[in-house]
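Chains, contacts and geometry: an overview
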Amino acid sequence: MKKTFTLLLVLLFCAAIGASAQAAGKRYAMYGVAFYNLENLFDTLHDAGKNDYQYLPEGSYKWNGHKYRSKLRNMSVVLSQLCTDRLKGGAAVVGVSEIENRGVLEDLLEQEALKERGWKIVHYDGPDRRGVECAFFYNPRLFQFEKSMLVPYYYKDDKQPDVDLGFYVAENGEVTPYEGLRGDTTHITRGFLVMTGLLGGERVHFIVNHWPSRGAASPARERAGYQVRRLKDALLSQDPESKIIIMGDMNDDPGDKSMTEALGCVHRKKDARTAADLYNPWHDTLYKGGQGTLLYNGKWNLFDQIVFSGSMLGDDRSTLKYYKHEIFLRDYLIQQDGADKGSPKRTHSRGVWLNGYSDHLPTQVFFVKEIGSPQKQN
């Protein structure tokens, strides 16, 4: 018991990838992975074919250069602080949603809080009519990028029962996305952005999501969960030793069918019996702890989730293993007065520009790995 307690204490002070802890004669490295919905990070220019008119100077939000620069500054401060409570160098990988284009990502990295980080971008132009998309930031000193792809979301219903998944397995065994859209495009929306590379020397497939909103019927999100589950299975079939980390704004809570049945997540570690099973640590955070990432009608939801393969559970830390998960919370992210007191401080509320952050709070997960025993001193 004393040895376990000592190990946990030491892990808390693990400062960055190069920093390590000594406990029971072993050294450990820690890695942070985070997700943040940036709530409509739009520039002030019209993107052809996109319904971005609200975020133009003449639009309903009167979106102008001053507001855009303030939004960039606010978002960059939050992103720069993710995972820094435990890791001085911050997150290795950050998935984001609700960004308009690559340009706003590049503008983010030029902000004072981020410009020295050396982060890289993974992004594809997607088909969403409003122009909101997903992307990744990653620290190349901590994550070695290999490849990426955008897998389209296909909605299947009675009008288009023959629509397949948004990907196929090529003759060489590679998981390959379809190009363009197939079937009825009534439900056109964000796809699933996949990034593959080495984290702690181990191959990890990251999938960032932004599932259909609650304005759509729940089967739309269940369909998304099913597609991501099949995508996860295909990636693991291609590389059984690799690991999966799925993150995003699911527009559903951990206990909803899209997460438990369609995506197939379990919330008890003992139920993750195989490396391919997905473990969701956020179930008890919401239903037992009462903590969430967005507040609606006085009730917390936890749409912003990071789940991962069962191979990342257990006490054998010779490979990457789950250590801890947290909602990233700072006082400045919460509205301190008015009708929205206690809610995440968003950019606009009731038509008023608040110069806030997002209507969602970020989430983060920490993983640890043994990196060898310290050398004996002569």
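Overview of the structure. (Residues numbered from 1 in each chain as written. Predicted model: local features only at pLDDT ≥ 70, side-chain atom pairs only at ≥ 80, totals over all residues. Heavy atoms only, no water.)

1. Comments concerning the nonpolar core
Going by this rule: Note on terminology: a nonpolar core comprises buried Ala, Val, Leu, Ile, Met, Phe, Trp, Tyr and Cys residues joined through side-chain atoms within 4.5 Å. Throughout, exposure labels follow a simple rule: accessible area from a 1.4 Å probe, protein chains only, divided by the maximum for the residue type, with under 20% read as buried, over 50% as exposed, and the rest as partly exposed. The numbering of helices and of strands both runs from the N terminus, where a helix is a DSSP run of H or I of at least 4 residues and a strand a run of E of at least 2. Contacts are residue-level and defined by heavy atoms, with any inter-residue pair within 4.5 Å sufficient.
One finds Leu 79, Phe 137, Phe 206 and Ile 245 to be the most contacted residues of the largest nonpolar core, which totals 72 residues. Examining the composition of this core, we find that 9 residues originate from one element, strand 2 (residues 26–41), more than from any other. The contact partners of Phe 206, leaving out residues within four places of it in the chain, are Val 33, Val 93, Phe 136, Phe 143, Leu 193, Val 194, Met 195, Leu 199, Ile 245 and Met 247. Counting 26 residues, the second-largest nonpolar core is a separate cluster that includes Phe 192, Leu 235, Leu 236 and Leu 263.

2. Quick notes on the layout of surface pockets
This is how the line gets drawn: A 1.4 Å probe that fits into a set of points on a 1 Å grid over the protein atoms alone but cannot get out defines a cavity; an open set with protein on both sides within 12 Å along at least five of seven lines defines a pocket, and lining residues are those with an atom within 4 Å of a point. Grid points are joined across faces, edges and corners, and a volume is the space filled by probe spheres set on the points. Polarity classes work like this: nonpolar for Ala, Val, Leu, Ile, Met, Phe, Trp, Tyr, Cys and Pro, charged for Asp, Glu, Lys and Arg, and polar for all others, with Gly in that last group.
The space that makes up the largest pocket amounts to roughly 850 Å³. What lines the largest pocket is a set of 33 residues, and nearest its centre among them are Leu 294, Leu 295, Tyr 296, Arg 346 and Asp 359. When residues of the lining of the largest pocket are traced back to their parent elements, those giving at least two are strand 2, strand 14 (294–296), strand 15 (299–301) and strand 18 (348–349). The element best represented in the lining of the largest pocket is strand 14, accounting for 3 residues. Of the residues contributing to the lining of the largest pocket, the split by class is 9 nonpolar, 13 polar and 11 charged.

3. As for the pattern of salt bridges
Rules: Salt bridges, as used here, are contacts in which a Lys or Arg side-chain nitrogen is within 4 Å of a carboxyl oxygen on Asp or Glu.
If you walk through the whole model with that rule in mind, you get 19 salt bridges. Note that Arg 346 is salt-bridged to Glu 39, the shortest N-O span being 2.8 Å. A residue pair is termed long-range when its members are at least 10 positions apart, and Arg 346 in the loop between strand 17 (321–327) and strand 18 and Glu 39 in strand 2 qualify at 307 residues. A relative accessible area of 5% places Glu 39 in the buried class. Each of the salt bridges in this network shares a partner with another, and the network as a whole consists of Arg 214, Arg 221, Asp 252 and Asp 256.

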